[in-house]
Structures are given as structure tokens and as C-alpha cells.
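Descriptive analysis of the structure
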Amino acid sequence: MANYSVNQQGQLVVKCSECEKEIVEHKEDIYMDFEVDSTNDRSMSVEKIHSAIIPIQCDCGNEVQVTISVCEYPEGCHSEENDSIDVDFGELVSCFSLELPKY
Ligand SMILES: [Zn+2]
């Protein structure tokens, strides 16, 4: 189970902290440059956190920064309940369902 509100239309929706406007971005229009952010040794295998930072420009000039972290554990498996989405200069409304990145 994802721990964020999943957007069934495949969109990322955030609310700007400056003007409170909702900004909608389609998954296909978002470039996600994932990299392995951290690794932890756990019982079955290593756990990897893949992170990507998405800057979203609001019309008011504010830049909302979304950090998507996808958890891989055990190796090759997506551990959805450990995914996280952090938003700076804004608030998360909903996000398309996350997948393990392919490099
Ligand atoms: Zn704004």
C-alpha cells in the first residue's frame, strides 16, 4: 500500500506554499533523474532508496521542490509502503503511483 494519495490519472499535484494554487504535472512530462540515495543492510538483502528531485515552477515565481524516494527491498522488489514523497515550498496533494526506476 502506498502511503500517499495515489493519483489515478497519472498526475503529480502539488499546492504552492506562496499563492496556494494547485499545480498539475503529468507523469509523461516529468523528467525524473533517479539515483541511489542510500543503502541499508537488512535481514534479507540490502535496502536501496532511489531518489529524484523534481522542481516545479509555479506561475507566481515560487519553485516547489518535490523529492520522490522509492524503496527497493528486498533486491529487485518495490517496497511501496516505504516510499516517501517530500515537498519543499509547497504541499503534496496526490501523486501518480511510483515504480522502481530503471537505469
Ligand atoms: Zn505559486
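The preceding data block contains the structure.
Per-chain numbering applies: the sequence of each chain, read as written, is numbered from 1 onward. This being a predicted model, a pLDDT of at least 70 is required before a residue's local features are given, and a value of 80 or more before pairs of side-chain atoms are given or counted; all residues contribute to the totals for chains, interfaces and linings. Side-chain metrics in this entry use all non-hydrogen atoms of the structure; hydrogen atoms and water are not considered.

What follows is about the pairing of strand 4 (residues 46-57). Bridge count for strand 3 (residues 35-41) against strand 4 is 6 bridges, and the pairing is antiparallel. Note on strand 4: the bridge partner recorded for Asn 40 is Glu 47. At least two bridges found by DSSP between two strands are what make those strands a pair. Here a helix means four or more residues in a row that DSSP labels H or I, a strand means two or more in a row labelled E, and each is numbered from the N terminus. Taking the residues that link successive antiparallel strands as the turn, the strand 3-strand 4 hairpin has 4 residues. In this structure, strand 4 lies alongside strand 5 (residues 63-72), joined through 10 bridges in antiparallel fashion. What sits directly across from Ser 51, in strand 5, is Ser 69.

Taken in spatial order, the 3 strands line up as 2-1-7 in an open sheet, and their pairing is antiparallel. Because the sheet does not close on itself, it has two edges, and the strands there are strand 2 (22-26) and strand 7 (90-94). Across this sheet, the average inter-strand angle for adjacent strands is 30 degrees, counted without regard to direction. Judged from the 4 bridges that link them, strand 1 (residues 11-16) and strand 7 form a sheet pairing that is antiparallel. When the sheet's bridge partners are listed, Val 14 is paired in strand 7 with Leu 92. Axes here mean lines fitted to C-alpha atoms, for a helix over just the part in contact, with angles spanning 0 to 180 degrees between N-to-C directions.

Core analysis: the largest hydrophobic core is formed by 21 residues, its most contacted members being Leu 12, Val 66 and Ile 68. Leaving out residues up to four positions away in the same chain, Val 66 has contacts with Leu 12, Val 14, Ala 52, Ile 53, Ile 54, Ile 56, Ile 85, Asp 86 and Val 87. What is meant by a nonpolar core is a set of buried Ala, Val, Leu, Ile, Met, Phe, Trp, Tyr and Cys residues, joined one to another through side-chain atoms within 4.5 Å. The buried label goes to any residue with under 20% of its type's maximum accessible area, the exposed label to any with over 50%, and the partly exposed label to all in between, with areas taken from a 1.4 Å probe on protein chains only. A contact between two residues is defined here by any heavy atoms of the two lying within 4.5 Å.

Cys 16 (SG), Cys 19 (SG), Cys 58 (SG) and Cys 60 (SG) make up the full set of protein donors to the zinc ion, lying at 2.3 Å. Donor atoms (N, O, S) are those found within 2.8 Å of the metal centre, with the cutoff raised to 3.2 Å for Na, K and Ca; water is not part of the atom list, so apparent gaps in a site can occur. The rule is simple: four donors are tetrahedral if all their angles sit between 85 and 135 degrees, four are square planar and six octahedral if opposite donors span more than 155 degrees and the others lie between 65 and 115, and anything that fits none of that is irregular. Coordination at the zinc ion is tetrahedral: its 4 donor atoms span angles of 104 to 115 degrees at the metal.

By secondary structure assignment, the location of Gln 11 is in strand 1. Dropping the residues within four chain positions of it, Gln 11 is found in contact with Val 24, Glu 25, His 26, Ser 94, Cys 95 and Phe 96.

What follows deals with the sheet that holds strand 4. Read from one edge to the other, the open sheet built from 4 strands follows the order 3-4-5-6, with strand pairing classed as antiparallel. Single-partner strands in this sheet number two, and they are strand 3 and strand 6 (84-88). Each neighbouring strand pair of the sheet contributes to a mean axis angle of 20 degrees, computed without reference to strand direction.

In this structure, the largest pocket spans a volume of roughly 210 Å³. Lining residues are those with an atom within 4 Å of a point, where the points come from a 1 Å grid over the protein atoms alone and group into cavities, where a 1.4 Å probe fits but cannot get out, or pockets, open sets with protein on both sides within 12 Å along at least five of seven lines. Forming the boundary of the largest pocket are Lys 27, Met 32, Asp 33, Phe 34, Phe 96, Leu 98, Glu 99, Leu 100, Pro 101, Lys 102 and Tyr 103. Partitioned by chemical class, the residues of the lining of the largest pocket number 7 nonpolar, no polar and 4 charged. Grid points are joined across faces, edges and corners, and a volume is the space filled by probe spheres set on the points. Each residue is assigned to one of three groups, with Ala, Val, Leu, Ile, Met, Phe, Trp, Tyr, Cys and Pro labelled nonpolar, Asp, Glu, Lys and Arg labelled charged, and all others, Gly among them, labelled polar.

Turning our attention to unusual backbone geometry. The omega torsion across Tyr 73 and Pro 74 is -15 degrees, close enough to zero to call that bond cis. Positioned with a positive phi, Glu 20 is a non-glycine residue whose angle comes to about 65 degrees. For Glu 20, the position within the fold is in the loop between strand 1 and strand 2. For Glu 20, a relative accessible area of 56% translates into the label exposed. If you check the backbone angles, Phe 89 has positive phi at about 60 degrees while not being a glycine.

By themselves these figures say nothing about function.
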